[in-house]
Amino acid sequence: MVCSFLKGVFQLKPSLPKCRNIWDVNIVLTYLSSLHPPQDFILKDLTLKTTMLLALFSGQRCQRLHFLSVSSMVMKPDSCVFTIHKLLKTSRSGKHVTNLTFTAYSPDNCFCPIVCLSEYVKRTSKLRTGSDQLLVSIQKPHKPVSTHTIPRWLKTVLEKAGRDTSVFKAHSTRAVSTSAAAISKIPLSTITDKAGWSNATTFGKSYKKAIVTATHA
């Protein structure tokens, strides 16, 4: 009876990839390029751009971005390394998640995560009281943001860039960044390591159709 029930559940609601289509990353990058230099924009715009760049350059879930902290950050002129000291969705016994590394994008400072991170940390240093969490609220009293705030910020950027947020959610940044990396001939081992997948098979099953869509876009 249990087997028959589970077969019926599968027929009614099959397990299909969430990301059947992806948006063109260049459209969002064009919008982000208008928010440059970061010193000239208000905290809200700086926060939105920094968060989106972190999501695109890392290919990580919002949960991991939420756990980024200033105390676990090592900032250098050309890179920034974050160490995660908390359990994530992908954490398992005997193996913890690797450090999250961002490198400078020298071809164009408009899209450089180090430039935005440096300005963001500088701008929020006096606002960050009682907590060392990297991302803080835009509104007073500037408390550490929750896991629900970061997806909302990402959706705001997508909406401002002209993307349909009823179709594309915050998690779509994960598919977009990894698909763009695959199209650029980045080794799958590098992509799976950066995105936090256990193997290339997981990447292929989840985003094969998204890559094909991006290739023909």
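Residues numbered from 1 in each chain as written. Predicted model: local features only at pLDDT ≥ 70, side-chain atom pairs only at ≥ 80, totals over all residues. Heavy atoms only, no water.

(A) Highlighting the overall build of the protein chain. What the protein chain contains, in helices and strands, is nine helices and three strands. Across the protein chain, helices and strands are ordered from the amino to the carboxyl terminus as α-α-α-α-β-β-β-α-α-α-α-α. Every one of the 217 residues in the protein chain was classed for burial, and the buried ones make up 42%. Considering only contacts in the protein chain between residues 6 or more positions apart, those separated by 24 or more positions represent 60%. Roughly 12400 Å² of accessible area belongs to the protein chain as shown, and the carbon and sulfur atoms make up 57% of that amount. (Helix = DSSP H or I, 4+ residues; strand = E, 2+ residues; numbered from the N terminus. Buried < 20%, exposed > 50% of the residue type's maximum accessible area, 1.4 Å probe, protein only. Contact = heavy atoms within 4.5 Å. Areas by Shrake-Rupley, 256 points an atom, 1.4 Å probe, with all protein chains shown as cover.)

(B) Focus on helix H2 (residues 25-33). Buried within H2 we find Val25, Val28, Leu29, Tyr31 and Leu32. Considered in projection along H2, the buried side chains sweep an arc of 155° and stay on one side of the axis. The secondary structure elements touched by the buried residues of H2 are helix H3 (43-58), helix H6 (149-160) and helix H7 (172-183). The N-terminus of H2 is capped by Asp24, whose side-chain oxygen sits 3.1 Å from the backbone nitrogen of Asn26. (Arc of directions from axis to C-beta. Polar contact = N/O pair within 3.5 Å; in protein donor to acceptor, adjacent residues only side chain to side chain.)

(C) How the structure looks around the packing of H3 against H6. Their axes nearest at 9 Å, the elements H3 and H6 cross at an angle of 100°. Comparing their axes, H6 and H3 come out roughly perpendicular. In this structure, H3 contributes Thr47, Leu48, Thr51, Met52 and Ala55 to the contact, and H6 contributes Ile150, Trp153, Leu154, Thr156, Val157, Leu158 and Lys160. Taken together, the residues that form the contact of H3 with H6 break down as eight nonpolar, three polar and one charged. (Axes fitted to C-alpha atoms, helices over the stretch in contact; angles between N-to-C directions. Parallel < 35°, antiparallel > 145°, perpendicular 65-115°, else oblique. Nonpolar A, V, L, I, M, F, W, Y, C, P; charged D, E, K, R; others polar.)

(D) Quick look at the environment of Phe168. Structurally, the position occupied by Phe168 is in the loop between H6 and H7. For Phe168, a relative accessible area of 13% corresponds to the buried category. Between the alpha carbons of Phe168 and Ile22 there is a distance of 7.6 Å; along the sequence they are 146 residues apart.

(E) The arrangement of the packing of aromatic side chains in detail. Under the counting rule described, the total for this entry stands at two aromatic pairs. Taking the centre distance of 6.2 Å and the plane angle of 85° together, the rings of Phe82 and Phe102 count as edge-to-face. On the criterion of sequence distance, the pair formed by Phe82 in strand S2 (residues 79-82) and Phe102 in strand S3 (residues 100-103) is long-range, its members being 20 residues apart. (Phe/Tyr/Trp six-rings, centres within 6.5 Å; stacked < 30°, edge-to-face > 60°.)

(F) Examining unusual backbone geometry more closely. In this structure, Pro37 follows His36 across a cis peptide bond, with omega equal to 0°. Its location among the elements puts Pro37 in the loop between H2 and H3. Omega for the peptide link from Lys140 to Pro141 comes to 10°, which places this bond in the cis form. Locating Pro141 in the fold gives a position in the loop between helix H5 (113-124) and H6. Located in the positive-phi region is His142, a residue other than glycine, with phi close to 60°. Among the secondary structure elements, His142 is positioned in the loop between H5 and H6. With relative accessibility at 14%, the residue His142 sits in the buried group.

(G) Main features of the packing of H2 against H3. Where H2 contacts H3, the two axes come as close as 11 Å, and the packing angle between them is 150°. Regarding the angle of H2 to H3, the classification is roughly antiparallel. Seen along the crossing, H2 lies across H3 with a hand that is left-handed. Across the interface between the two elements, Val25, Val28, Leu29 and Leu32 of H2 pack against Lys49, Met52, Leu53 and Leu56 of H3. For the contact of H2 with H3, a count of residues per class yields seven nonpolar, no polar and one charged. (Left-handed = near helix turned anticlockwise from the far one by under 90°.)

(H) How the structure looks around the confidence of the model for the protein chain. Across the protein chain, the average pLDDT comes to 83, with 81% of residues at 70 or higher. Note on residues 205-217: pLDDT under 50 across the span, and 24 contacts to partners over four residues away in sequence or across chains. (pLDDT = per-residue confidence, 0-100.)

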